[in-house]
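What the coordinates show
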Amino acid sequence: MAHQPDLLVRARRLIEGASRITALTGAGVSAESGIPTFRGAGGLWRNFRAEDLATPQAFARDPRLVWEWYHWRRGLCAAAQPNAGHLALARLEAARPHFTLVTQNVDGLHARAGSRCVLELHGSLWRTKCSRCVAEWPDSATEGLPVCAACGGAGRPGVVWFGESLDDAVLAASAHAARDCDVLLVVGTSSVVYPAAMLARGRVPGRTVIVINPEPTPANETADLYLQGPSGEVLPALIP
Ligand code: BV8
Ligand code: ZN
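Before going into details, it helps to say that this report is about the structure given with it. Bear in mind that the values here come from a model prediction, so they are computed numbers and not experimental data.

Definitions and cut-offs
Each residue is numbered by its place in its chain's sequence as written, counting from 1. Think of it this way: whatever chain is written first is A, whatever ligand is written first is 1, and the rest follow in order. Per-residue local features are limited, in this predicted model, to residues with pLDDT of at least 70; the limit for side-chain atom pairs, both in listing and counting, is 80 or more; totals at the level of whole chains, interfaces and linings are taken over all residues. Based on all heavy atoms of the structure, the side-chain values leave hydrogens and waters out of the count. Following DSSP output, two strands are said to pair if at least two bridges run between them. Numbering of helices and strands runs from the N terminus, with a helix taken as a DSSP run of H or I at least four residues long and a strand as a DSSP run of E at least two residues long. Fitted lines through C-alpha atoms give the axes, limited to the stretch in contact for helices. The angle between two N-to-C directions lies from 0 to 180 degrees. It only takes one pair of heavy atoms within 4.5 Å for two residues to be counted as in contact. Put simply, buried Ala, Val, Leu, Ile, Met, Phe, Trp, Tyr and Cys residues joined by side-chain atoms within 4.5 Å make one nonpolar core. Only protein chains enter the calculation, and the probe is 1.4 Å; a residue is then buried if its accessible area is under 20% of its type maximum, exposed if over 50%, and partly exposed in between.

Description of the sheet that holds strand E5 (residues 136-138)
Ordered by their spatial adjacency, three strands build an open sheet running E5-E4-E6, and the pairing between neighbours is antiparallel. Lying at the two open borders of the sheet, with one neighbouring strand each, are E5 and strand E6 (155-159). Strand after strand, the sheet turns through a mean of 40 degrees between neighbouring axes, direction not considered. Note: strand E4 (residues 123-130) against E6, five bridges, orientation antiparallel. Bridged to serine 124 within E6 is glycine 158. On top of the sheet, helix H5 (residues 63-79) reaches E4 and E6; it is set at about 145 degrees to E4, its chief contact.

Here's the deal with the nonpolar core
Core analysis: the largest hydrophobic core is formed by 24 residues, its most contacted members being Leu185 and Leu238. Of all the elements in the fold, those that place two or more residues in this core are helix H1 (5-17), strand E1 (21-25), helix H6 (84-95), strand E2 (99-103), strand E7 (183-187), strand E8 (208-213), strand E9 (225-228) and helix H10 (231-238). At four residues, the largest contribution of residues to this core is made by H10. Aside from chain neighbours lying at most four places away, what touches leucine 238 is Leu8, Ala11, Arg12, Ile15, Leu185, Ile212 and Leu227. In terms of nonpolar packing, the next biggest core, distinct from the first, is built from 18 residues, Leu121, Val170, Cys181 and Leu199 among them.

In structure tokens form, the structure reads like this:
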């Protein structure tokens, strides 16, 4: 990161001069909190294939296995602490009236870092919903498969699985915030999962896109600035 001081100065100036800022985050922003990413080395999908576990079909086939995988992940996330990157984004929200945080993450670390308004595109590990009716309840933190009090159906993690549609209102608000801003920070995401990835890509007149990631991603193709490095280092340098 030290090799790009001029880029950092440029990015800092863009943030200082922006009136509307949006940040779109992915699993990489939680990597320095010790939570494995999905597709990187040692990633969550390394031991499991996404389609084996993060789909309605997987849950229908073996609800206990899927529930246990999410219970394991909840334990991992509960033991993790927000890192300097999460805290920097919470500072940005506190300092700027027109800041929106959109995350693909389900770990809840942005809220624990103090971010008050977080659009969770893919839901949350900390919510459980019924696989049969519309009931939804706070995470039951049980190791065993929870049962819906309303209809007796099996409880499932309150996340969006592959092949499931995102919440229309959350997606619309996120797309609006990603388009209608002066600066879009794209932090710690491989930008390969749709429709979230669409928010990070493309050119919008008047909008500057800044990618923050140790590795380039498809979002770099249409980004204006690329700050190469871990978000736990770059974000605090960008948002002192
Ligand atoms: C849908 C929740 C309508 C559960 C997840 C259009 C085109 C192509 C494909 C599709 C399309 N539309 C739909 C699809 C199919 C699919 C899809 O996109 N597939 C991909 C894989 C090709 N999308 C869907 O199914 C979506 N639904 O569109 O509904 C529909 C309905 C029926 C049929 C078709 C369409 C639903 C997608 C949501 C799936 N749920 N998670 C759970 O968590 O278990 S996805 C999962 O991936 C997580 O949510 C995660 O957030 C998300 C994205 O991953 P990233 O966050 O980017 O993480 P990743 O590991 O990939 O990358 C980490 C990055 O961090 C890397 O770049 C790395 O370099 C960087 N990094 C590492 N360390 C650091 C760092 N960065 C900064 N600092 C560091 N220290
Ligand atoms: Zn139910």
